[in-house]
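The residues making up each chain are set out below.
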Amino acid sequence: MTTQDSGSAPKPPAKDPWDLPDVSALSVGVLGGTGPQGRGLAYRLARAGQRVTVGSRDAGRAAEAAAELGHGVEGADNAECARRSDIVIVAVPWDGHAKTLESLREELAGKLVIDCVNPLGFDKKGAYALKPEEGSAAEQAAALLPDSRVTAAFHHLSAVLLQDESIEEIDTDVLVLGEARADTDIVQALAGRIPGMRGIFAGRLRNAHQVESLVANLISVNRRYKAHAGLRTTDV
């Protein structure tokens, strides 16, 4: 008797990992959008046609940054930025990470949150990784935002390259981590909106610490070689 004869349904084909959703209509908010990394991400996504709002504790400062970025970018205080966005990127400094997210728990409920914060310390020897009590910045975000869908991505991008208007493409991969494939697919697709970039699934949030920590190594690379190094994943 064949498997089909026994009544069991045939196994569906595996989903193509590059079959990603269309995210062009989703609005993106960037908390910390007036800082170098936040401004750079906001600029690149808006330039690619995404609807973007930059957030700041000071709405006036956010409005000034939005006007400078152009491409239809809008500015608002962090709470309003979170409310009006489908996807919210967290690009705030590490020392303000927990406090910012705690204050926005209600506004971020139900949202897809992308944490790109790197917990780092600096001394005479250079940059080094810090390990939060929760394990990583992304895991801290997940603990503080139980009603949000937290992912991690955009850690290894040069703020200098992101903000350089003369650069058409940024040749790098974006490692994406999260608990639900539907969410990581969206983040991968969002990364792919920026010319030159690919979003690559890199595991669950429990693996975020080493991804965040790698930035310390990239800082050392950049200082030695006077570069703006990124990452490429081979054979994918």
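Residues numbered from 1 in each chain as written. Predicted model: local features only at pLDDT ≥ 70, side-chain atom pairs only at ≥ 80, totals over all residues. Heavy atoms only, no water.

### Side note on the overall build of the chain
No. 1: The secondary structure content of the chain amounts to eight helices and ten strands.
No. 2: Scaling as 2.2 N^0.38, a compact globule of 236 residues should have a C-alpha radius of gyration of about 18 Å, and the chain matches this with 19 Å.
No. 3: Along the first, second and third principal axes, the C-alpha set of the chain runs to 70 × 40 × 40 Å.
No. 4: Once local pairs closer than 6 in sequence are excluded, the contacts in the chain between residues at least 24 apart make up 72%.
No. 5: Put simply, the chain shows about 12,000 Å² of open surface, and 50% of that area lies on carbon and sulfur atoms.
No. 6: Of the charged side chains in the chain, 26 are positive and 32 negative; the average position of the first set lies 5 Å away from that of the second. (Helix = DSSP H or I, 4+ residues; strand = E, 2+ residues; numbered from the N terminus. Rg over C-alpha atoms; globule rule 2.2 N^0.38 Å. Contact = heavy atoms within 4.5 Å. Areas by Shrake-Rupley, 256 points an atom, 1.4 Å probe, with all protein chains shown as cover. Lys, Arg positive; Asp, Glu negative; His and termini not counted. Charge placed at Lys NZ, Arg CZ, Asp CG, Glu CD.)

### Some remarks on unusual backbone geometry
No. 1: Unusually for a residue other than glycine, phenylalanine 154 sits at a positive phi of about 65°.
No. 2: A positive phi angle is found at aspartate 235, which is not glycine, with a value near 65°.
No. 3: Relative to the helices and strands, aspartate 235 resides in the segment after α8 (208-225).

### Points about the sheet that holds strand β9 (residues 172-178)
No. 1: On the basis of which strands lie adjacent, the open sheet formed by eight strands has the order β3-β2-β1-β4-β5-β8-β9-β10 and mixed pairing. Both outer strands of the open sheet, β3 (74-77) and β10 (197-201), are each paired with one neighbouring strand and no more. On average, adjacent strands in this sheet sit at an angle of 30° to one another, irrespective of strand direction.
No. 2: Relative to strand β2 (residues 51-56), strand β1 (residues 27-31) is paired through five bridges, and the arrangement is parallel. Its bridge partner being in β2, serine 27 is matched across the sheet by arginine 51. (Pairing = 2+ DSSP bridges. Axes fitted to C-alpha atoms, helices over the stretch in contact; angles between N-to-C directions.)

### Thoughts on helix α1 (residues 36-47)
Residues lying three or four places apart along an α-helix face the same way, a consequence of the helix completing one turn every 3.6 residues.
No. 1: Along its twelve residues, α1 runs 16 Å from first to last C-alpha, staying within 8% of the 16 Å computed at 1.5 Å per residue.
No. 2: Taken across its twelve residues, α1 has ten buried, putting it largely inside the fold.
No. 3: For α1, every residue scored as buried is listed here: Gln37, Gly38, Arg39, Gly40, Leu41, Ala42, Tyr43, Arg44, Leu45 and Ala46. (Expected span 1.5 Å × (residues − 1). Buried < 20%, exposed > 50% of the residue type's maximum accessible area, 1.4 Å probe, protein only.)

### Thoughts on the pairing of strand β7 (residues 126-129)
No. 1: Examined bridge by bridge, strand β6 (residues 120-123) and β7 share four bridges and lie antiparallel to one another. Of the residues in β7, the one forming a bridge with phenylalanine 122 is alanine 127.
No. 2: With antiparallel pairing between neighbouring strands as the criterion, β6 and β7 make up a hairpin whose turn holds two residues.

### A closer look at the side chain of threonine 172
No. 1: When you line up the elements, threonine 172 lands in strand β9.
No. 2: Residue contacts for threonine 172: discarding those within four places in its chain leaves Leu157, Gly196, Met197, Arg198, Gly230, Leu231 and Arg232.

### Describing the nonpolar core
No. 1: Core analysis: the largest hydrophobic core is formed by 35 residues, its most contacted members being Val28, Val52, Ile89, Ile114, Phe154, Val174 and Leu190.
No. 2: Among the secondary structure elements, those contributing two or more residues to this core are β1, α1, β2, α2 (59-69), β4 (87-90), β5 (112-115), β9 and α7 (181-192).
No. 3: Discounting chain neighbours no more than four positions away, the residues touching valine 174 are Ala153, Phe154, Leu157, Ala191, Met197, Arg198, Gly199 and Ile200.
No. 4: Core analysis: the next-biggest nonpolar cluster, separate from the first, contains 25 residues, Val88, Leu108, Ala141 and Leu175 among them. (Core = buried A, V, L, I, M, F, W, Y, C linked by side-chain atoms within 4.5 Å.)

### Observations regarding the environment of proline 36
No. 1: Tracing the sequence through the fold places proline 36 in helix α1.
No. 2: Here the alpha-carbon distance between proline 36 and alanine 159, two residues 123 residues apart in the chain, equals 5.6 Å.
No. 3: Excluding residues within four positions of it along the chain, proline 36 makes contact with Ala159 and Gln163.

Functional significance is not addressed by these values, which are geometric in nature.
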